[in-house]
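What follows is the residue order along each chain.
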There are 2 protein chains.
Amino acid sequence: MPAPIDFYFDLTSPYSYIAADQIEALAAQHGRTVNWHPILLGFVFRTTGVSAPTEIPIKGDYSKRDFARSARMVGLDYRHPDVFPVNTIAAARITIWLQWRKPDMAKPWVMALFKALFTQNKNISDQAVLAEVGQSLGLSASELGEAANDPSVKDALKARTDEAMARGVFGAPFFFVDGEPFWGNDRLPQIEHWLKTGGF
Amino acid sequence: MPAPIDFYFDLTSPYSYIAADQIEALAAQHGRTVNWHPILLGFVFRTTGVSAPTEIPIKGDYSKRDFARSARMVGLDYRHPDVFPVNTIAAARITIWLQWRKPDMAKPWVMALFKALFTQNKNISDQAVLAEVGQSLGLSASELGEAANDPSVKDALKARTDEAMARGVFGAPFFFVDGEPFWGNDRLPQIEHWLKTGGF
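Please read these numbers as outputs of a predicted model, since none were measured by experiment.

### Points about the overall build of chain A
When its secondary structure is counted, chain A shows 9 helices and 4 strands. Scanning chain A from its N terminus toward the C terminus, one meets helices and strands in the order β-α-β-α-α-α-α-α-α-α-β-β-α. Expected size for 200 residues packed as a compact globule is a radius of gyration near 16 Å; at 16 Å, chain A falls within 12% of this value. Split into buried and exposed, the 200 residues of chain A put 54% on the buried side. For chain A, the computed accessible surface area is about 8400 Å², with 52% contributed by carbon and sulfur atoms. Of the charged side chains in chain A, 20 are positive and 22 negative, and the gap between their average positions amounts to 3 Å.

### Here's the deal with the packing of helix H1 (residues 14–29) of chain A against helix H9 (residues 188–197) of chain A
Residue and element names in this part refer to chain A. Close contact between H1 and H9 brings their axes to 10 Å; oriented N to C, the two are set at 10°. Accordingly, the angle class assigned to the pair H1 and H9 is roughly parallel. Counting all contacts with H1, which are made through Ala19, Gln22, Ile23, Leu26 and Gln29, the residues of H9 involved are Leu188, Ile191, Glu192 and Leu195. Residues of the contact of H1 with H9, tallied by class, amount to 6 nonpolar, 2 polar and 1 charged.

### Notes on the interface of chain B and chain A
Tallying the contact residues gives 29 residues for chain B and 29 residues for chain A. Interface of chain B and chain A: buried area, both sides summed, is about 2800 Å²; carbon and sulfur atoms make up 61% of it. Three residues stand out in chain B for area buried against chain A, namely B:Tyr62, B:Arg69 and B:Met73, and they jointly supply 22% of the buried area on that side. Of the charged contacts, one joins A:Glu180 and B:Arg69 as a salt bridge, the two residues approaching to 2.7 Å between their closest N and O atoms. On inspection of chain B and its partner chain A, the count reaches 18 residue pairs in polar contact (both at pLDDT 80 or more). Mapped onto the side of chain B that touches chain A, the elements with two or more residues apiece are helix H3 (59–73), strand E4 (180–183) and helix H9 (188–197) of chain B. The element best represented in the side of chain B that touches chain A is H3(B), accounting for 8 residues. Among the residues making up the side of chain B that touches chain A, the classes are represented as 16 nonpolar, 5 polar and 8 charged.

### Here we look at the pairing of strand E1 (residues 5–9) of chain B
Residues and elements named next belong to chain B. Taking burial as the measure, the 5 residues of E1 include 5 buried ones, the bulk of the element. Residue alternation in E1 divides its side chains into two sets, Ile5, Phe7 and Phe9 and Asp6 and Tyr8, and both sets are buried. In the sheet, E1 pairs with strand E2 (residues 34–38) via 5 bridges, with the strands oriented parallel. Bridge pairing in E2 places Phe9 opposite Pro38. Taking the sense of rotation as the criterion, the β-α-β connection linking E1, helix H1 (residues 14–29) and E2 turns out right-handed.

### Re the sheet that holds strand E4 (residues 180–183) of chain A
Pairing within the open sheet is mixed, and its 4 strands lie in the order E2-E1-E3-E4 (chain A). Unpaired on one side and paired on the other, strand E2 (34–38) and E4 of chain A mark the two borders of the sheet. Direction aside, neighbouring strands of the sheet carry axes that sit 20° apart on average. Along the sheet face, H3(B) touches strand E3 (174–177) and E4 of chain A and points at about 95° away from the line of E4(A).

### Overview of the pairing of E4(A)
Residues and elements named next belong to chain A. Across 4 bridges, E3 lies against E4 in antiparallel orientation. Paired with Val177 across the two strands is Glu180, which belongs to E4. Connecting E3 to the next strand, E4, in antiparallel fashion are 2 residues, including Asp178 with a positive phi near 55°.

### Some points on the layout of surface pockets
Residue and element names in this part refer to chain B. Roughly 370 Å³ of internal volume is contained in the second largest pocket. Val74, Asn185, Asp186, Leu188 and Pro189 are, among the 17 residues lining the second largest pocket, the residues nearest its centre. Counting residues per element, the lining of the second largest pocket draws most heavily on H1, at 5 residues. Taken together, the residues of the lining of the second largest pocket sort by class into 8 nonpolar, 5 polar and 4 charged.

### Examining the nonpolar core
Core analysis: the biggest nonpolar cluster contains 56 residues, and A:Phe7, A:Ile23, A:Trp36, A:Trp109, A:Phe114 and A:Phe175 have the highest contact counts within it. Looking at which element gives the most residues to this core, the answer is helix H5 (residues 103–119) of chain A, with 10 residues. If near-sequence neighbours (up to four positions away) are discounted, A:Phe114 is found in contact with A:Phe9, A:Asp10, A:Leu11, A:Ser13, A:Ser16, A:Tyr17, A:Ala20 and A:Thr119. Grouped together as the second largest cluster of nonpolar side chains are 55 residues, B:Leu26, B:Trp36, B:Leu144 and B:Phe182 included.

### Some thoughts on unusual backbone geometry
All names here are of chain A. Residue Pro85 follows Phe84 across a cis peptide bond; omega there is -10°. In this model, Asn121 sits at a positive phi of 55°, which is unusual for a non-glycine residue. Within the secondary structure layout, Asn121 lies in the loop between H5 and helix H6 (127–136).

### Focus: the sheet that holds E1(B)
In sheet architecture, strand pairing relies on hydrogen bonds along the backbone and comes in two forms, parallel and antiparallel. Residue and element names in this part refer to chain B. Strands sit in the order E2-E1-E3-E4 across an open sheet of 4 strands; the sheet is mixed. Where the open sheet ends on each side, the last strands, each with one partner, are E2 and E4. Neighbouring strand axes in the sheet, compared pairwise and without regard to direction, differ in orientation by 20° on average. Note that E1 and strand E3 (residues 174–177) share 3 bridges and pair antiparallel. The partner of Asp6 across the bridge, within E3, is Phe176. In the packing of helix H5 (residues 103–120) onto the sheet, contacts are made with E1 and E2, and the angle to E2 comes to roughly 55°.

Quick notes on the rules
Residues numbered from 1 in each chain as written. Chains lettered and ligands numbered in written order. Predicted model: local features only at pLDDT ≥ 70, side-chain atom pairs only at ≥ 80, totals over all residues. Heavy atoms only, no water. Helix = DSSP H or I, 4+ residues; strand = E, 2+ residues; numbered from the N terminus. Rg over C-alpha atoms; globule rule 2.2 N^0.38 Å. Buried < 20%, exposed > 50% of the residue type's maximum accessible area, 1.4 Å probe, protein only. Areas by Shrake-Rupley, 256 points an atom, 1.4 Å probe, with all protein chains shown as cover. Lys, Arg positive; Asp, Glu negative; His and termini not counted. Charge placed at Lys NZ, Arg CZ, Asp CG, Glu CD. Axes fitted to C-alpha atoms, helices over the stretch in contact; angles between N-to-C directions. Parallel < 35°, antiparallel > 145°, perpendicular 65-115°, else oblique. Contact = heavy atoms within 4.5 Å. Nonpolar A, V, L, I, M, F, W, Y, C, P; charged D, E, K, R; others polar. Buried area = accessible area lost by both parts, 1.4 Å probe. Salt bridge = Lys/Arg side-chain N within 4 Å of Asp/Glu carboxyl O. Polar contact = N/O pair within 3.5 Å; in protein donor to acceptor, adjacent residues only side chain to side chain. Pairing = 2+ DSSP bridges. Right-handed = clockwise from strand over helix to strand, strands pointing away. 1 Å grid on protein atoms, 1.4 Å probe; cavity = no way out; pocket = protein on both sides within 12 Å on 5 of 7 lines; lining within 4 Å. Points joined across faces, edges and corners; volume = space filled by probe spheres on them. Core = buried A, V, L, I, M, F, W, Y, C linked by side-chain atoms within 4.5 Å.

Laid out in structure tokens, this is it:
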């Protein structure tokens, strides 16, 4: 069985949203599974001194246009959120808690949040929005509260982000395939080529 | 006749090298021509406050790996230069001079410099290297000297860079197709889709 693909993402990253929609099918076509790792991109940016693309002069307007166009390219809806970037700590903690306790719910949770943020203009840092998305998946508000406040989940999210940086992750989405690093949704064609050829 | 594609590049940009190798054939397949615009990326970066990817912590090592892999992906050789980035003012000035005086020589000149820098580890800020590359194309050292020191060419390079920034260029390679901006060699698939569909 070939090694799983490691997929690092932040829920406030538009290109992570697009990649998340694509990576499972791409991996499955080549007999691979995907390990999903929520990380805190804001923490990574502070460590590397990098800014979000939308915060850089001139680049900001282009980026918003490119988010939408890159989504259209694969047939996905995109509506840039009024509040952006958003704080994803609670959402990411709940993701890890689900990976531990209800693993089948983790990816649906992530995809539902991406859709809420990037197609419905919902602020996923808002507890009420998290509760609403949870409810649509059969997760109770009390479960979500427990998940978001579990100290071991807090530690795990911090550790996951630290490990990502130690491994060379400086942005999202970020992938490792057979140890080879790939940064960005726009590297999916190279990942596909790698999976087909066994490395190039 | 559909509008030409505008292609902004800097000779020290690895992704510009890869894109330069690809864009003419892609454009021709769709009945388009390409206008090549040398710009000074260092000046653009100083204006926008952006750093070259190789100068950002963690991102630097990844970038060098990605330059080579992105070149291999399209069957191009790549050897990261010992001196990088290099000053491309003289090379860019000569490019504009050739566009004015010997237009058929401008693209061969650019491609020969990209090859010298990114496959032969030659420092294209060095006058002797420029002379050697010029000689291989039948351009004399005195012609090159005249080109590099022509005051109107100096002004034109500055104006070309200023115009690029005014138009929204913040990196290289950068393209405009029917007015639509595309940044990066990795946007060639979107450009291809745009050319096929007339916009999406």
